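Descriptive analysis of the structure
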Amino acid sequence: MPWRYQHTIIISLYILSIISVMDLIIFANKSNALKALQSKTGKQTILLFASQLAMVVIGFGIKTIQTNYLGTEGYGIYAFFGSFTAFTALFFRFGFYSSLQVLLAENKDFQKEQELFALGFVINLFIGLLYAVFVWIFSFYVDQLFDTSLGDIIRVLAPLTIVIPSRNLISSMTVGSNKVHILPIYDNTSKIFFLMALGLFAYSDQLDVYTVISFNLLTLLVSVGIIYRQFNPQFKNLKTHFKSVWAKNKSFGFNFYLGSTVNQSTFKLDELAIAYFINTTVNGFYSLANLIASPMIMGSQALSNSLFKDFSHQKKIPQKVFIYNTLWLLFSMLFLYLFADWIVHFLFTSEFGDVSRYAVGISVALLFQGLYQPFNFLSAKSQGKAIRNVAFTEAGINLIGNLALIPIFGVLGAIYTSIFAKFVHLLGKIYYYNKYLKEN
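**Overview of the overall build of the chain**
Within the chain, the secondary structure is distributed over 17 helices and 0 strands. Across the 440 residues of the chain, 57% fall into the buried class. Accessible surface, the chain: about 19,200 Å² in total, of which carbon and sulfur atoms supply 64%.

**Description of the packing of aromatic side chains**
Tallying each qualifying case throughout the model produces 24 aromatic pairs. Between the aromatic rings of F92 and F134, the centroid separation amounts to 5.4 Å while the plane-to-plane angle is 45 degrees, which identifies the pairing as tilted. Of this pair, F92 sits in the loop between helix 3 (40–89) and helix 4 (96–106) while F134 sits in helix 5 (residues 110–138), and the two are 42 residues apart along the sequence. What makes F134 partly exposed here is its relative accessible area of 28%. Note on F121 and F231: the rings are 5.8 Å apart at their centroids and 75 degrees apart in plane angle, and the pair reads as edge-to-face. In this pair, F121 is assigned in helix 5 and F231 in helix 10 (residues 209–231), connecting sequence segments 110 residues apart. A residue is classified by how much of its surface remains accessible, and F121, at 12% relative accessible area, is buried.

**Points about helix 9 (residues 182–203)**
Helix length check: helix 9 (22 residues) gives 32 Å between terminal C-alpha atoms against 32 Å at 1.5 Å per residue, within 8%. Where helix 9 ends, the next residue or the one after it, D205, has phi of about 60 degrees, a positive value.

**Structural notes on the pattern of salt bridges**
Scanning the entire structure with this criterion turns up 4 salt bridges. A salt bridge links D152 to R155; its shortest N-O distance comes to 2.5 Å. Taken together, the residues D152 and R155, both in helix 7 (residues 151–157) and 3 residues apart, mark about one turn of the helix. The exposure class of R155 is partly exposed, given its relative accessible area of 24%. Of the charged contacts in the structure, one is a salt bridge between E394 and K422, with a shortest N-O distance of 2.9 Å. On the criterion of sequence distance, the pair formed by E394 in helix 16 (residues 384–409) and K422 in helix 17 (residues 411–439) is long-range, its members being 28 residues apart.

**Regarding the environment of L412**
With respect to the secondary-structure elements, L412 resides in helix 17. In this structure, the C-alpha to C-alpha distance between L412 and R357, residues 55 residues apart in sequence, is 9.5 Å.

**Looking at the packing of helix 14 (residues 354–371) against helix 17**
Packing of helix 14 against helix 17 brings their axes to within 7 Å, and their N-to-C directions diverge by 15 degrees. With respect to helix 17, the element helix 14 is oriented roughly parallel. The element helix 14 and its partner helix 17 pack so that their crossing is left-handed. Residue-level contacts link R357, Y358, G361, I362, V364, A365, F368, Q369 and L371 of helix 14 to V411, L412, I415, S418, I419, K422, F423 and L426 of helix 17. Tallied by class, residues from the contact of helix 14 with helix 17 come to 12 nonpolar, 3 polar and 2 charged.

**Some thoughts on the nonpolar core**
Ranked by internal contacts, the top residues of the largest apolar core, which has 113 residues, are F80, L150, M173, I213, F231 and I317. Apart from residues lying up to four places away in sequence, F231 is in contact with Q114, F117, F121, I170, M173, T174 and I182.

**A word on a nonpolar patch on the surface**
Residues V133, W136, I137, F140, Y141 and L145 make up a contiguous nonpolar surface patch of roughly 600 Å² in combined accessible area. Per-element accounting of the nonpolar patch gives the leading share, 3 residues, to helix 5. Tracing the chain through its elements places W136 in helix 5. Classification of W136 by relative accessible area gives partly exposed; the value is 42%.

**Describing the packing of helix 16 against helix 17**
The packing of two helices is summarised by the inter-axis angle and the distance between the axes. Put simply, helix 16 and helix 17 touch, their axes get as near as 8 Å, and they point 165 degrees apart. The angle between helix 16 and helix 17 falls in the class roughly antiparallel. Read as a crossing pair, helix 16 and helix 17 show a hand that is right-handed. Residues belonging to the contact of helix 16 with helix 17 are distributed by class as follows: 14 nonpolar, 9 polar and 3 charged.

**So, helix 16**
Counted at 1.5 Å a residue, the expected span for helix 16 with its 26 residues is 38 Å, and the 35 Å between its end C-alpha atoms agrees. At N402, helix 16 shows its largest kink, close to 30 degrees. Within helix 16, burial applies to G384, A386, I387, V390, A391, E394, A395, I397, N398, G401, N402 and I406.

**Concerning the environment of V364**
Looking at where V364 falls in the secondary structure, it is placed in helix 14. A residue is classified by how much of its surface remains accessible, and V364, at 27% relative accessible area, is partly exposed. With 35 residues separating them along the chain, V364 and L329 place their C-alpha atoms 9.7 Å apart. Excluding residues that lie within four positions of it along the chain, V364 makes contacts with M333 and I419.

Calculation notes
- Residues numbered from 1 in each chain as written.
- Predicted model: local features only at pLDDT ≥ 70, side-chain atom pairs only at ≥ 80, totals over all residues.
- Heavy atoms only, no water.
- Helix = DSSP H or I, 4+ residues; strand = E, 2+ residues; numbered from the N terminus.
- Buried < 20%, exposed > 50% of the residue type's maximum accessible area, 1.4 Å probe, protein only.
- Areas by Shrake-Rupley, 256 points an atom, 1.4 Å probe, with all protein chains shown as cover.
- Phe/Tyr/Trp six-rings, centres within 6.5 Å; stacked < 30°, edge-to-face > 60°.
- Expected span 1.5 Å × (residues − 1).
- Salt bridge = Lys/Arg side-chain N within 4 Å of Asp/Glu carboxyl O.
- Axes fitted to C-alpha atoms, helices over the stretch in contact; angles between N-to-C directions.
- Parallel < 35°, antiparallel > 145°, perpendicular 65-115°, else oblique.
- Left-handed = near helix turned anticlockwise from the far one by under 90°.
- Contact = heavy atoms within 4.5 Å.
- Nonpolar A, V, L, I, M, F, W, Y, C, P; charged D, E, K, R; others polar.
- Core = buried A, V, L, I, M, F, W, Y, C linked by side-chain atoms within 4.5 Å.
- Patch = residues over 30% accessible without salt bridge, like charges linked within 9 Å, V, L, I, M, F, W, Y side chains within 5 Å.
- Bend = angle between axes of the 7 residues up to and from the residue.

Honestly, it's all geometry; don't read function into it.
Below you can see the structure in the form of structure tokens.
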């Protein structure tokens, strides 16, 4: 069977499975579910998740071209660039994005909202410039540290990396203002343009690592320009609003930043540790496994993001949120267990056979990560210290586990660490949520 038909069958089955689980949820609690799906939150959740799912499907097309034309070594180098930027960009938030998100959630004035959007773009510009300078400096050391040949490429493309922090800004502003439909526009536009560029260069047999990274960054820049008008920013009262953001940052944002950065950076450390202790090729396999498993967590994140603004005005998390979220996660685990090997076999070459095994293991960690997504409620309530404490605990587990287990067990060491770390994170969020309810 030609590969294009195989892709169509797999994608169709995946979309059909999503529809099936939605039907299961509706029939499990028919009246409440239908009411929820007809609400603004329900519609936004489905829209956001469907858009994220579309992004994953497009991502499969992108990865198929990359793996087939770059090979295992070339794709490994590209995957390392993605791991490196995802890891380092975490440190270039400083709490401002989270503080802006909470202020937008608490705000009810339309004019003020547009002015906060404008302030967000100004802050992001300075953060992006700082990040690009960092990338340029690091390019002189990356080859020696990780035994790769990426330094010259990063050095030339460093100015374009100014766009990388923008995704954090757009996510925070859309979630805080409950305009979650804008984020998928940004994500999918960049992915579609990227896929078109890859297809064009692959057709002309001119695809290499430099071209792939270049167009990845360029398409992100184009997408920022496209969605800019969606926010309709008004550059007024910036100084006044910055004082509000600064005050929120001191009471909440910076604590959140410390916790989330330590947590996420140690979680992302697994990819860099795999590249360092093993090689970039195996890290490429690991990144593909994360891609295949990613729709599982996207459903939970879509639901929690859609509810964020409502959380800021609610006393507790509605029970049905936990029910829908758990059903989705259990179904997703079953789907990956049954079809991960088939997906990898048809989408990629036989050289990527280990990817499906890794994806199934990662799904266990994502189960626990998905279960604590509704506790985003604590962020909406500005519980920065609670979030920081849980994040620090998980970070310690990630750091010790990745450095101790990856040299011994390889990729499986990273998976074992993630499973335990995410489980502990879930317990921590449950503890602080119950504590919040008792105190309020």
